[in-house]
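Here is how the chains run, residue by residue.
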Amino acid sequence: NAGVTQTPKFQVLKTGQSMTLQCAQDMNHEYMSWYRQDPGMGLRLIHYSVGAGITDQGEVPNGYNVSRSTTEDFPLRLLSAAPSQTSVYFCASSPHTQSSYNSPLHFGNGTRLTVT
Amino acid sequence: GIQVEQSPPDLILQEGANSTLRCNFSDSVNNLQWFHQNPWGQLINLFYIPSGTKQNGRLSATTVATERYSLLYISSSQTTDSGVYFCAVVPPGGGADGLTFGKGTHLIIQP
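Residues numbered from 1 in each chain as written. Chains lettered and ligands numbered in written order. Predicted model: local features only at pLDDT ≥ 70, side-chain atom pairs only at ≥ 80, totals over all residues. Heavy atoms only, no water.

## Details of the packing of aromatic side chains
- Inspection of every chain in the model, using the stated rule, returns nine aromatic pairs over all chains.
- On the basis of an interplanar angle of 75 degrees and a centroid distance of 5.5 Å, the ring pair of Y35 of chain A and F101 of chain B is categorised as edge-to-face. With Y35 of chain A in strand β4 (residues 31–37) and F101 of chain B in strand β10 (residues 100–101), the pair connects residues from two separate chains.
- Residue class for Y35 of chain A comes out buried when judged on its relative accessible area of 0%.
- The structure contains a cluster of three or more aromatic residues connected by ring pairs, namely Y35, F90 and F107 of chain A together with F35, F86 and F101 of chain B.
- Taking NZ or CZ as reference, R22 of chain B lies 4.2 Å from the ring centre of Y69 of chain B, over its face. (Phe/Tyr/Trp six-rings, centres within 6.5 Å; stacked < 30°, edge-to-face > 60°. Helix = DSSP H or I, 4+ residues; strand = E, 2+ residues; numbered from the N terminus. Buried < 20%, exposed > 50% of the residue type's maximum accessible area, 1.4 Å probe, protein only. Lys NZ or Arg CZ within 6 Å of the ring centre and 35° of its normal.)

Structure, rendered in structure tokens:
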């Protein structure tokens, strides 16, 4: 198993550009999520999905869109990038929702995004 | 929302030393996990431990849910233990279904 795969590893955007961060998992996990990590702030939840066709907002959803058309894929879209979105983005998955019993979260290796 | 505080924020030890990292949380939880972020930025799940004690090699963790804290013990530290250790929780009922993270403990193990 490859686990959780994120692409690209690095990306530089200009303000106003759009892009999609890709995330795929091969563990047949129901739950997938996106976090951003900023210096000194830990990780914060952007969006999550409890299954194909179902998405919901986390703590910091503004400026980001997601969709979940398959169990395996959970892309994160930035429609109009802003310098405040400069961050490291992590995708994560688990067998069941985080409110469920015994559902450890598995992370991808992250995408480092810089918006100039 | 729930508050997660980790201490100490920074810790520098010599190889072979033991350490205890603490995580306090402000409300009851039904999910608590410990993660290690290595110097290359990878996040590794160490423990899923909403209550009780678990051990995995030189690492062990204890969560006392009634007193709202968790401890991560690292024995006989190695340089590969360096990195940031995060505690993350989910409170029961309502809100977004995801982890709330503490700000982490930055551990440096010197040879």
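## Describing the interface of chain A and chain B
- Residue-level contacts link 23 residues of chain A with 20 residues of chain B.
- Carbon and sulfur atoms make up 52% of the area that chain A and chain B hide from each other, which totals about 1,700 Å².
- The interface formed by chain A and chain B includes zero salt bridges.
- Taken together, chain A and chain B are joined by eleven residue pairs in polar contact (both at pLDDT 80 or more).
- Among the secondary structure elements, those contributing two or more residues to the side of chain A that touches chain B are β4 and β5 (43–51) of chain A. (Contact = heavy atoms within 4.5 Å. Buried area = accessible area lost by both parts, 1.4 Å probe. Salt bridge = Lys/Arg side-chain N within 4 Å of Asp/Glu carboxyl O. Polar contact = N/O pair within 3.5 Å; in protein donor to acceptor, adjacent residues only side chain to side chain.)

## Here we look at the pairing of strand β6 (residues 52–56) of chain B
All names here are of chain B.
- Counting buried positions along β6 gives zero out of five residues, so the element sits mostly on the surface.
- Sheet topology places β6 next to strand β7 (residues 59–64); five bridges connect them, and they run antiparallel. From the neighbouring strand, T53 faces β7, where its bridge partner is T62.
- With antiparallel pairing between neighbouring strands as the criterion, β6 and β7 make up a hairpin whose turn holds two residues, including G57 at a positive phi of roughly 65 degrees. (Pairing = 2+ DSSP bridges.)

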